[in-house]
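# A look at the structure
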Amino acid sequence: MKGYGEEILRMEDIVKTFDLGGGKKLTASDHVTISLHKGETLGIVGESGSGKSTLAKILTRLYT
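Overview of the structure. (Residues numbered from 1 in each chain as written. Predicted model: local features only at pLDDT ≥ 70, side-chain atom pairs only at ≥ 80, totals over all residues. Heavy atoms only, no water.)

## Quick word on the pattern of salt bridges
Summed over all chains, the structure comprises 2 salt bridges. Here E7 makes a salt bridge to R10, at a shortest N to O gap of 3.3 Å. When its relative accessible area of 42% is taken as the criterion, R10 is described as partly exposed. Residue E12 is joined to R10 by a salt bridge in which the shortest nitrogen-to-oxygen separation is 3.3 Å. By sharing partners, the salt bridges in this structure join E7, R10 and E12 into a single network. (Salt bridge = Lys/Arg side-chain N within 4 Å of Asp/Glu carboxyl O. Buried < 20%, exposed > 50% of the residue type's maximum accessible area, 1.4 Å probe, protein only.)

Set out below in structure tokens:
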């Protein structure tokens, strides 16, 4: 991104599904790509239940 420093984080095509049992699955993140540059601030916004916390946990490696 123009005006920012070097890229310090890049994750591409993030997909996270949870097994709900009984053959049912919930997709919390579906093909998300994030790029963060030095000096840049990242905010994650969305409706309740849209996967913000799940995405944050993936970015901090609390989820695989």
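Let's pick the thread back up.
## Details of the pairing of strand β2 (residues 24-37)
Across 11 bridges, strand β1 (residues 7-21) lies against β2 in antiparallel orientation. Bridging across to β2, I14 finds its partner in V32. (Pairing = 2+ DSSP bridges. Helix = DSSP H or I, 4+ residues; strand = E, 2+ residues; numbered from the N terminus.)

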